[in-house]
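Structure assessment
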Amino acid sequence: MLPGQGEDGLRRRRVLFICVGNACRSQMAEAFARVYGSDVILPASAGLAPAVAVPADTIRAMDEKNIDVRDQFPKSWRHLPANFELAVNMSGCELPPQIGAPVRRWDVPDPILASYNEHCRIRDRIEELVMELILEFRRARKQQHA
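Note that this is a predicted model, so its numbers are computed, not measured. (Residues numbered from 1 in each chain as written. Predicted model: local features only at pLDDT ≥ 70, side-chain atom pairs only at ≥ 80, totals over all residues. Heavy atoms only, no water.)

1. Concerning unusual backbone geometry
The backbone of Asn22 shows a phi angle near 50°, a positive value even though the residue is not glycine. Its identity as a non-glycine residue notwithstanding, Asn66 has a phi of 60°, on the positive side. Mapping Asn66 onto the fold places it in the loop between helix H2 (56-63) and strand E3 (86-89). (Helix = DSSP H or I, 4+ residues; strand = E, 2+ residues; numbered from the N terminus.)

Pasting the structure below:
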């Protein structure tokens, strides 16, 4: 299997999920995309101003979905190669033009200071949005190969 290909040998799209600190929203989106959409997405995540660590509430909330994010860590978009096909902006801010990819905006509140229950509601919304993106990519792939 070549880099960028799924198990079926078809190309996967490189998607960058971005939020402010790369501690909650974008980390959750990357993890959902990796677990649910590895056949169509090569996900990464980054922050505009990276935090120090992924918060305990994010780890716990993802554990409830049987997804372990303990090995993930906040990083700056500046440290990633600029060859993404799509950037999903959850930051609420404008992204720098150096991102170099078409941008899709998801209005998702930052759960960093929210209660745990609200953190989980935001997690569930991110899961829905990621699944919609995965299904969109799968439909597009089917149409290309029909």
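2. Thoughts on the packing of aromatic side chains
With the rule as written, the count across this model stands at two aromatic pairs. For the pair Phe32 and Tyr36, a centre-to-centre distance of 5.5 Å together with 25° between the ring planes defines the contact as stacked. Of the two residues, Phe32 and Tyr36 are both situated in helix H1 (residues 25-36); the distance of four residues between them amounts to about one turn of the helix. Owing to a relative accessible area of 0%, Phe32 belongs among the buried residues under this scheme. Note that Arg60 overlies the ring of Tyr116, its terminal NZ or CZ placed 3.6 Å from the centroid. The ring of Phe73 has Lys75 lying over it, and the distance from NZ or CZ to the ring centre is 5.0 Å. (Phe/Tyr/Trp six-rings, centres within 6.5 Å; stacked < 30°, edge-to-face > 60°. Buried < 20%, exposed > 50% of the residue type's maximum accessible area, 1.4 Å probe, protein only. Lys NZ or Arg CZ within 6 Å of the ring centre and 35° of its normal.)

3. Concerning the nonpolar core
Phe17, Trp106, Val130 and Leu133 are the most contacted members of the largest nonpolar core, which has 29 residues in total. Put simply, the parts of the chain that give this core at least two residues each are strand E1 (13-19), H1, H2, E3 and helix H3 (116-144). Broken down by element, this core gets its largest block of residues, seven residues, from H3. Residues contacting Leu133, with those up to four places away along its chain left out, are Val15, Phe17, Ile41, Leu86, Val88, Arg104 and Trp106. In terms of nonpolar packing, the next biggest core, distinct from the first, is built from 10 residues, Ile18, Ala44, Phe84 and Ile99 among them. (Core = buried A, V, L, I, M, F, W, Y, C linked by side-chain atoms within 4.5 Å. Contact = heavy atoms within 4.5 Å.)

4. A closer look at the state of the cysteines
The tally for this structure, following the rule as stated, stands at zero disulfides. The thiol of Cys24 is unpaired, and the distance to the nearest cysteine sulfur, on Cys19, comes to 7.0 Å. Judged by relative accessible area, which is 3%, Cys24 ranks as buried. Here Cys120 stays free of any disulfide, with the sulfur of Cys24 as its closest cysteine sulfur at 11 Å. Owing to a relative accessible area of 10%, Cys120 belongs among the buried residues under this scheme. (Disulfide = S-S within 2.5 Å.)

5. A word on H1
Helical geometry: 3.6 residues make up each α-helical turn, so side chains three or four residues apart lie on a common side. The end-to-end C-alpha distance of H1, which contains 12 residues, comes to 16 Å, matching closely the 16 Å that a straight helix rising 1.5 Å per residue would cover. Listed as buried for H1 are Arg25, Ser26, Gln27, Met28, Ala29, Glu30, Ala31, Phe32 and Ala33. Close packing links the buried residues of H1 with E1, strand E2 (41-47), H2 and H3. (Expected span 1.5 Å × (residues − 1).)

6. A short note on the sheet that holds strand E4 (residues 103-105)
Strands sit in the order E2-E1-E3-E4 across an open sheet of four strands; the sheet is parallel. Looking at strand neighbours, the two that pair on one side only are E2 and E4, the edges of this open sheet. The mean inter-strand angle of the sheet, taken between neighbouring strand axes irrespective of direction, is 25°. Relative to E4, E3 runs parallel, the two sharing three bridges. Note that in E4 the partner of Ala87 across the bridge is Val103. Strands in contact with H1 are E1 and E2; relative to E2, the strand with the most contacts, it is inclined by about 170°. On top of the sheet, H3 reaches E1, E2, E3 and E4; it is set at about 160° to E1, its chief contact. (Pairing = 2+ DSSP bridges. Axes fitted to C-alpha atoms, helices over the stretch in contact; angles between N-to-C directions.)

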